[in-house]
Amino acid sequence: MSLKPNKQKFKWSLDFNTRAKSSSSDLPSPPGYNLSAGQIQCEVAKDNDQSHLIIKKSWDIALGPLKQFPMNILIMYMSGNSISIFPIMMVVMMFIRPIKAMLSTQSTFKVIEGISATGQKFVYMLGNLVNIGLALYKCHSMGLLPTHSSDWLAFVEPQSRLEYSVGGISLL
């Protein structure tokens, strides 16, 4: 039995040690690499980048309540319209969180000290009002809002149903 290395190449084998036959000049240099000197160049951040980052951060804060809106819709849908502890807890939290956020708008935007963020604050308040509107809609769909005159006045009879439907058949 011989222990000679097998120099036979198989069709399915790959050799990662050899270099590719194409030249490296076919590929573009990565950003910040000086091809002539063969050294990496570091670019110093400009003052404009700082203000750009502050504006970007302020818009991220301002759009936060609007980004929460789809998740709030899903939570409200999943909690159902029954009058029980879980949906009522969800509705109460949907009221409390935006109101607290609107009252603490100045401290929220305190991170952005140098610039006037009037537009961002307006969008932030608008997003919180949209979330409060969602909570009001949920209260309405649960029947918690007084929307009929019988809810306010004792002598007015509540609305009576004109017909009942069961299984697609109308019963009078």
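Along every chain, residues carry numbers that run from 1 in the direction the sequence is written. This being a predicted model, a pLDDT of at least 70 is required before a residue's local features are given, and a value of 80 or more before pairs of side-chain atoms are given or counted; all residues contribute to the totals for chains, interfaces and linings. Only hydrogens and water are removed before side-chain values are computed, so all heavy atoms of the structure are retained for them.

(A) Structural context of the overall build of the chain. Secondary structure elements are defined from DSSP: runs of H or I of at least 4 residues count as helices, runs of E of at least 2 residues count as strands, and each element is numbered from the N terminus. Counting its secondary structure elements, the chain contains five helices and four strands. Its helices and strands in sequence order give the chain the pattern β-β-α-α-α-α-α-β-β, from N to C terminus. In this description, contact between two residues means that some pair of their heavy atoms is separated by no more than 4.5 Å. The contacts of the chain with a sequence gap of at least 6 include a subset with a gap of at least 24, amounting to 58%. A total accessible area of about 14600 Å² is found for the chain, and carbon and sulfur atoms account for 63% of it. Residue burial considers only the protein chains on display, and all accessible areas are found by Shrake-Rupley using a 1.4 Å probe.

(B) Spatial organisation of the packing of aromatic side chains. Between the rings of Phe, Tyr and Trp (Trp by its six-membered ring), a pair exists once the centres lie within 6.5 Å; its type follows the angle of the planes, with under 30 degrees stacked, over 60 edge-to-face, and the other angles tilted. Taken as a whole and assessed by the stated rule, the structure comprises one aromatic pair. Measuring from ring centre to ring centre gives 5.4 Å for F109 and Y124, while their planes differ by 90 degrees; the resulting arrangement is edge-to-face. Here F109, found in the loop between α4 (105-108) and α5 (118-142), pairs with Y124, found in helix α5; they are 15 residues apart in sequence, far enough to count as distant. Comparing F109 with Y124 shows no difference in burial state: the two are buried. For the exposure calls, accessible area comes from a 1.4 Å probe over protein chains only, and a residue counts as buried if that area is under 20% of its type's maximum, exposed if over 50%, partly exposed in between.

(C) Looking closely at the packing of helix α3 (residues 85-103) against α5. Angular values range over 0 to 180 degrees, each being the angle between N-to-C directions of two axes fitted as lines to C-alpha atoms, with helices fitted over their stretch in contact. Axis separation between α3 and α5 bottoms out at 9 Å; the angle between their running directions is 160 degrees. One way to sum up the angle between α3 and α5 is to call them roughly antiparallel. Every pair of crossing elements has a handedness; the one defined by α3 and α5 is left-handed. Seen from α3, the contacting residues are P87, I88, V91, M94, F95, P98, I99, A101 and M102; seen from α5, they are Y124, M125, N128, L129, N131, I132, L134, A135, L136, K138, C139 and M142. Along the lines of polarity and charge, the residues of the contact of α3 with α5 split into 18 nonpolar, two polar and one charged. Orientation is classified from the angle alone, with under 35 degrees giving roughly parallel, over 145 giving roughly antiparallel, 65 to 115 giving roughly perpendicular, and any other angle giving oblique. A clockwise turn of the near helix away from the far one marks a right-handed crossing, whereas an anticlockwise turn of less than a right angle marks a left-handed crossing. Gly falls in the polar group here, along with every residue not listed as nonpolar (Ala, Val, Leu, Ile, Met, Phe, Trp, Tyr, Cys, Pro) or charged (Asp, Glu, Lys, Arg).

(D) Just the UniProt feature "transmembrane region" (unreviewed entry) in the chain, in detail. Those residues carrying the UniProt feature "transmembrane region" (unreviewed entry) are residues 74-96 in this numbering. Within the segment residues 74-96, helix and strand shares are 78% and 0% respectively, and the terminal C-alpha atoms sit 18 Å apart. UniProt positions are given in the numbering used here, feature names are shortened, and annotations may be inferred rather than shown by experiment.

(E) Seen up close, the side chain of N128. By secondary structure assignment, the location of N128 is in helix α5. N128 gets classed as buried once you look at its relative accessible area, which sits at 4%. Beyond its immediate chain neighbours, meaning those up to four positions away, N128 contacts P65, P98, A101 and M102.

(F) Summary view of a nonpolar patch on the surface. Think of a patch as exposed residues, more than 30% relative accessible area, with no salt bridge, where like charges cluster within 9 Å and nonpolar side chains (Val, Leu, Ile, Met, Phe, Trp, Tyr) cluster within 5 Å. For this analysis, a salt bridge means a side-chain nitrogen from Lys or Arg found within 4 Å of a carboxyl oxygen belonging to Asp or Glu. A contiguous nonpolar patch, built from I55, W59, L63, L66, F122, L126 and V130 and spanning about 580 Å² of accessible area, is present on the exposed surface. Among the elements of the structure, α1 (47-62) and α5 are those that each provide at least two residues to the nonpolar patch. When residues of the nonpolar patch are assigned to their parent elements, the largest contribution, three residues, is made by α5. Positionally, L126 belongs in helix α5. Residue classification places L126 among the partly exposed residues on the basis of a relative accessible area of 41%.

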